[in-house]
Amino acid sequence: MPDNVSFEELTTLREVFKIFDKDGDGLIAKNEMLASLRLFGMRLSGVEINQTMKDIQEKKNFESNINFEDFSKYIIAKWEPITAAQILQRAFRYLDREDCGTMSALELRNILIKCGDRWTETQFDALMKRVQVDMKNHVNYRDIVSMLVDLGLDEDM
C-alpha cells in the first residue's frame, strides 16, 4: 500500500470493497469492480474496465476477479479526493434501484447496522426520528446524507 494513503482512506476503500464482496471471499467480479469505481466518481466504459481487469489479471494471473490489494492500488492510482458526503450520495444513488431519490427504511437500517462503522439500534432509531418517512416506509437519502454531514462526516476522504 502506498505511504501517502491515510488510515481513513484505507478504511473507506475496505468498506466499499466489502459492500461489493457479497459472498465474503475477498474477491469482487468485474461488474462489481465497475460499480465500485462509480462510487469514487470514475466512469469507465466497458472497454476501459475490460482493459483494467486485463492489466490486473496479467500482473496477478487472475481469471475474472480482483482482490482488495489490487482493487485499492488501482483506486489509489486513479482517485481524486472527494468528500464523505459525495461518497455517501453516490453509494445511496447506486442502491436507488428505481432512481427516485428514496430507499426503504429497512434497507437503510440494514446498511447502517451491518456495514462499515456499524450503528447501534439506538443510533439508527435516533436518526429515523429526524427524517420524514413516506407511506411506503421510504426515506429520502439526500436528507440522510445531509444529516450525516451535519454529524461531522464532511471532511475530505
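Calculation notes
Residues numbered from 1 in each chain as written. Predicted model: local features only at pLDDT ≥ 70, side-chain atom pairs only at ≥ 80, totals over all residues. Heavy atoms only, no water. Patch = residues over 30% accessible without salt bridge, like charges linked within 9 Å, V, L, I, M, F, W, Y side chains within 5 Å. Areas by Shrake-Rupley, 256 points an atom, 1.4 Å probe, with all protein chains shown as cover. Salt bridge = Lys/Arg side-chain N within 4 Å of Asp/Glu carboxyl O. Lys, Arg positive; Asp, Glu negative; His and termini not counted. Charge placed at Lys NZ, Arg CZ, Asp CG, Glu CD. Helix = DSSP H or I, 4+ residues; strand = E, 2+ residues; numbered from the N terminus. Buried < 20%, exposed > 50% of the residue type's maximum accessible area, 1.4 Å probe, protein only. Core = buried A, V, L, I, M, F, W, Y, C linked by side-chain atoms within 4.5 Å. Contact = heavy atoms within 4.5 Å. Phe/Tyr/Trp six-rings, centres within 6.5 Å; stacked < 30°, edge-to-face > 60°. Polar contact = N/O pair within 3.5 Å; in protein donor to acceptor, adjacent residues only side chain to side chain.

### Here's the deal with a positive patch on the surface
Judged by side-chain charge, R38, R43, R93 and R142 come together as a positively charged surface patch. Turning to its location among the elements, R43 is positioned in the loop between α2 (30-39) and α3 (46-60). Judged by its relative accessible area of 62%, R43 is exposed.

### Focus on the pattern of salt bridges
Taken as a whole, this structure holds 3 salt bridges when the rule is applied. Salt-bridge contacts for K18 lead to E15; the nearest nitrogen and oxygen are separated by 3.6 Å. Taken together, the residues K18 and E15, both in helix α1 (residues 7-20) and 3 residues apart, mark about one turn of the helix. A relative accessible area of 19% means that E15 is categorised as buried.

### Remarks on the nonpolar core
Of all hydrophobic cores here, the largest spans 22 residues; its most connected members are M33, L37, F40 and F71. Counting residues per element, the ones that place at least two in this core are α1, α2, α3 and α4 (68-78). Once residues within four sequence positions are removed from consideration, M33 is found in contact with I28, I49, M53, I66, F71 and Y74.

### Section: the environment of D143
Secondary-structure assignment places D143 in helix α8 (residues 141-150). Accessibility expressed as a relative area gives 35% for D143, which makes it partly exposed. Counting along the chain gives 41 residues from D143 to T102, while the straight-line C-alpha distance between them is 9.5 Å.

### Brief notes about the packing of aromatic side chains
Within this structure, the stated rule accounts for 4 aromatic pairs. The interplanar angle of 40 degrees and the centroid separation of 6.4 Å between the aromatic rings of F68 and F71 together place this pair among those described as tilted. Taken together, the positions of F68 and F71, both in helix α4 and 3 residues apart, correspond to about one turn of that helix. The same class applies to F68 as to F71, namely buried. Members of the aromatic cluster, joined through ring pairs, are F17, F68 and F71.

### Let's talk about the side chain of D21
With respect to the helices and strands, D21 occurs in the loop between α1 and β1 (27-29). In this structure D21 comes out as buried when scored by relative accessible area, which is 11%. A polar side-chain atom of D21 sits 3.2 Å from the main-chain amide nitrogen of D25. A polar contact is formed between the side chain of D21 and the backbone nitrogen of G26, at a distance of 2.8 Å. Setting aside chain neighbours within four positions, we find D21 in contact with G26, L27 and I28.

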